[in-house]
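As a plain string of letters, each chain reads:
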2 protein chains.
Amino acid sequence: MKEHSTRIRKVMTEVHARIAARTYLPGARIPSVRAMAQSMQVSVSTVVEAYERLVAEGVVHARRGAGFYVAGVAAPLVLTEVGPKLEHEVDPLWISRQALEPAGATLKPGCGWLPAQWMFEAGVRKALRATARSQAEQVVEYASPQGHPPLRHFLSRRLAGFGIDVPAEQIMLTESGTHAIDLICRFLLQPGDTVLLDDPCYFNFHALLRAHSVNVVGVRQTPTGPDIEAFGAALAAHSPRLYITNSGIHNPTGASLSPGTAHRLLKLAEAASLLIVEDDVFADFEHTPAPRLAAFDGLARVIQIGSFSKTVSASVRCGYIATRHDWIQSLVDLKIATTFGGGRLAADIIHHAITGSGYRRHMENVRMRLAIERDRTAEKLKALGIVPWLMPQAGLYLWCRLPQGKDAAALAKVCLDDGVVLAPGNAFSQSQTAGDYVRFNVAQSADARIYEVLARALNA
Amino acid sequence: MKEHSTRIRKVMTEVHARIAARTYLPGARIPSVRAMAQSMQVSVSTVVEAYERLVAEGVVHARRGAGFYVAGVAAPLVLTEVGPKLEHEVDPLWISRQALEPAGATLKPGCGWLPAQWMFEAGVRKALRATARSQAEQVVEYASPQGHPPLRHFLSRRLAGFGIDVPAEQIMLTESGTHAIDLICRFLLQPGDTVLLDDPCYFNFHALLRAHSVNVVGVRQTPTGPDIEAFGAALAAHSPRLYITNSGIHNPTGASLSPGTAHRLLKLAEAASLLIVEDDVFADFEHTPAPRLAAFDGLARVIQIGSFSKTVSASVRCGYIATRHDWIQSLVDLKIATTFGGGRLAADIIHHAITGSGYRRHMENVRMRLAIERDRTAEKLKALGIVPWLMPQAGLYLWCRLPQGKDAAALAKVCLDDGVVLAPGNAFSQSQTAGDYVRFNVAQSADARIYEVLARALNA
């Protein structure tokens, strides 16, 4: 026993010495347990124990699945180390990576967007050709800091159709919808602030808020928006600064905000000085528009953001922020400071595509196809005992409950080995109470092999 | 006197009441001094005094040139309120806005980039047409999270030419060079950390670091890089976490890092655990490459970033980060969380343009034209008593001293009224000791009217 302890001490001393000699630099990875055991001629368990004590001392720190690192003046921001320690399959960043990596033969019902074949390819190609012929400034110059004026004017008219009265001067273009929310968070939040999210909500909101070092509180989602009593209670208990939501078609549930919930939510928000980000990326998927918080509120405390990645092209990066007149110039400054001017190209291509005659027909077609695939997918899932929480009026998603006793993270793991990427429920859930839910994207769920893999995995 | 005091109190009470009644919401602008004086039937000086007392109470806060705002739970991040209070003309954000706003007839020797007519317009048009014909995924899908592989492989080969040995797996694409630095700052810095900058340096570094709430320390720039004694003293005095610089062609001075300075700088950095961001956006302007810190260091503590906005197109947004293998995946996570996938389009267009046969010829031509314009501009400036601090070997800039007793900010103000945008020295200077310097972009300084306006302004 004494000898074991001496050997542990020997390994620790060696690591200390190498750090002091700057052989191991702050932030650098130290040798793996196995490599260290070999080089120092000790057992693996000795090194494990030594490293654990070094972690306890704060001399090194462990990163899940990535090894041990020398502590620095300050450790870098490793998002997978921030927030609750999640299973691999329900970590939001893990899901994003699975969905974003080149597909190959992989089937991706867990992916959040339309297949390439469903997107507005013809419109984007046409826009690319038009831009190739446009004036030199368009092709090589920075955009004006607030973003391409024609697209901002178009957005102003479009938002008017949702009852949101906002001049082009109060709209700023961004690199994406996520970038829009990130800029707003940088503008409004400080580390330690509290942010409300729907539970469940779009999983990347969790990843994004980790990067802002804020506290997150979830509010149970109902088919007509957040549970208003829980919402009021969360305001009273946590004094959150911001609430981030989708009102139109909720991700992942497909719920639509009702006018009554919108009204009561805004009254509560007003009384509690709560600010709201309304993420409206799914607007063009709606058959009948749901109420918009930004329309009810007149953009006093609601900031609306959106993008074109779900409808036109995700390859052409462009999003927007519509907000109060007294905030827009500060947001422009923040955009200049952190990404500089922004380009004209993406905004110009999106403007061409979305104002072309084909876009309306394209989206009509997408909505029709989604309605068909939604029914088909629901039916095929039901045959496996997987049941939608709600049949949404529109959109890409079915938020489904697994047969009793089944765990979505475990299922996702098994399915991935068979080439099927799922989106397990707890990736969307702050409270980690959606362990038996899975989000299906109906546009990515047509392939019969998905159901074969699911059936095998469920019976395993 | 008593009556004046009563009236002040009356205005203050009214503002307090309206805030309590939520007529004025947190963060909202309250009426202007003039409007309030009129509505309350008191003098302007009464309102000024009342507002100043409300500011002292912390009930409202003043924003330079923008009025008075109700204090919130926490005030939003208004970059123009962070850091030293600068004259309008030397605030880095003000200069960026002047340069980025649509030009019209305005002459912009203060602008940081080439005129549209000098950019790689033909190459970008060709690339746009090629992309318009490429496969669907290219046109409408998200990129892989780390960025378009062909461009990363190209960058790996290109960096090898500068002695930087970095596989494509250690390169991540970003939305721009500024975005690259911003992600690194988010990854490595915490509020309150200290960052070293060259004095003078690219003014947007100042704006960017305001957004990170860090302390900035400037180190005097010499014609061969930073003053090494001052650099060592700054390390000892401030224990900075990070140093941000351009080694190739320094902005704004045109200086080039010498091998000796690079070596000594890296030894100091190693001893002090200092990390370094090397911004290499001007690489393709060099006739003979200067030493790269990333090459000397092997990317242990140096992170290299770059973009194509200065050489190919600023309209097509794309930058990169080359860094240590154990940091790249955390940076990818941070990119996903804050901007999601990134697009394929921009990277594909840049890849097409930069690997086309025309690019090398294009840059040879640009370098030749710059050499001619550099001499011409220097001569025309000297005739006005404006003298370059250094005749740079390459690049866009001449960092020039005004005739004795002349103030660059005042000059910039007068010239702007005549339609000429200048870049006054203190916008680049942490110590605010460059009040008699101006940066000229030789590619934007051909027009004779610039010198007429300058001559008039200098004689005013």
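Chain A is annotated in an unreviewed UniProt entry as GntR family transcriptional regulator from Pseudomonas parafulva. According to the UniProt record, the Sequence similarities (unreviewed entry) comment for chain A is "In the C-terminal section; belongs to the class-I pyridoxal-phosphate-dependent aminotransferase family."

**Student:** Would you take a moment to explain the sheet that holds strand 13 (residues 423–424) of chain B for this structure?
**Tutor:** Sheet strands line up and pair through hydrogen bonds in the backbone, either parallel or antiparallel. All names here are of chain B. Sheet architecture is open: four strands sit in the order 11-12-14-13, paired in antiparallel fashion. With partners counted over all chains shown, the strands left at the sheet margins are strand 11 (387–388) and strand 13, one partner each. Two elements, strand 12 (residues 397–401) and strand 14 (residues 437–441), share five bridges in a ladder whose sense is antiparallel. Its bridge partner lying in strand 14, R401 is registered against Y437.

**Student:** Is there a simple way to think about the domain arrangement of chain A in this case?
**Tutor:** How big an interface is tends to be expressed through the accessible area that disappears when the partners come together. In terms of domains, chain A is made up of domain 1 (2–76), domain 2 (88–118 + 360–459) and domain 3 (121–358). If you average the C-alpha positions of domain 1 of chain A and of domain 2 of chain A, the two centres end up 42 Å apart.

**Student:** Help me understand the interface of chain B and chain A in this model?
**Tutor:** The partner chain A presents 95 residues to the 95 residues of chain B that form the contact. For the pair chain B and chain A, the two sides together bury roughly 7900 Å², of which 57% comes from carbon and sulfur. Of all residues in chain B, L100, V140 and Y142 of chain B give up the largest surface area on contact with chain A, accounting jointly for 9% of the area buried on that side. The tally of links from chain B across to chain A stands at four salt bridges. Inspection of the region where chain B meets chain A yields 38 residue pairs in polar contact (both at pLDDT 80 or more).

**Student:** Sorry, what's going on with the pattern of salt bridges here?
**Tutor:** The final tally for this structure, using the stated rule, is 34 salt bridges over all chains. In this structure, R7 of chain A and E3 of chain A form a salt bridge, with 3.3 Å as the shortest nitrogen-oxygen distance. A residue pair is termed a helical-turn pair when its members lie 3 or 4 positions apart in one helix, as R7 of chain A and E3 of chain A do in helix 1 (residues 2–20) at four residues. Residue R186 of chain A pairs with D182 of chain B through a salt bridge whose shortest N-O separation is 2.6 Å. In this pair, R186 of chain A is assigned in helix 8 (residues 177–188) and D182 of chain B in helix 8 (residues 177–188), connecting two distinct chains.

**Student:** Explanation requested: unusual backbone geometry in the structure shown.
**Tutor:** Apart from glycine, the bulk of residues carry a negative phi angle, and the bulk of peptide bonds sit in the trans form. Residue P200 of chain A is reached from D199 of chain A by a cis peptide bond, and omega for that bond is 5°. A cis amide bond links N251 of chain A to the next residue, P252 of chain A, at an omega of 15°. Mapped onto the elements of the fold, P252 of chain A is located in the loop between strand 7 (242–245) and helix 11 (259–271). For Q432 of chain A, which is not glycine, the phi dihedral falls at a positive 60°. Secondary-structure assignment places Q432 of chain A in the loop between strand 13 (423–424) and strand 14 (437–441). For L299 of chain B, which is not glycine, the phi dihedral falls at a positive 60°. Within the fold, L299 of chain B resides in the loop between helix 12 (293–297) and strand 9 (302–307).

Calculation rules
- Residues numbered from 1 in each chain as written.
- Chains lettered and ligands numbered in written order.
- Predicted model: local features only at pLDDT ≥ 70, side-chain atom pairs only at ≥ 80, totals over all residues.
- Heavy atoms only, no water.
- UniProt positions renumbered as here; feature names shortened; annotations may be inferred.
- Pairing = 2+ DSSP bridges.
- Helix = DSSP H or I, 4+ residues; strand = E, 2+ residues; numbered from the N terminus.
- Domains from an automatic or database assignment.
- Contact = heavy atoms within 4.5 Å.
- Buried area = accessible area lost by both parts, 1.4 Å probe.
- Salt bridge = Lys/Arg side-chain N within 4 Å of Asp/Glu carboxyl O.
- Polar contact = N/O pair within 3.5 Å; in protein donor to acceptor, adjacent residues only side chain to side chain.

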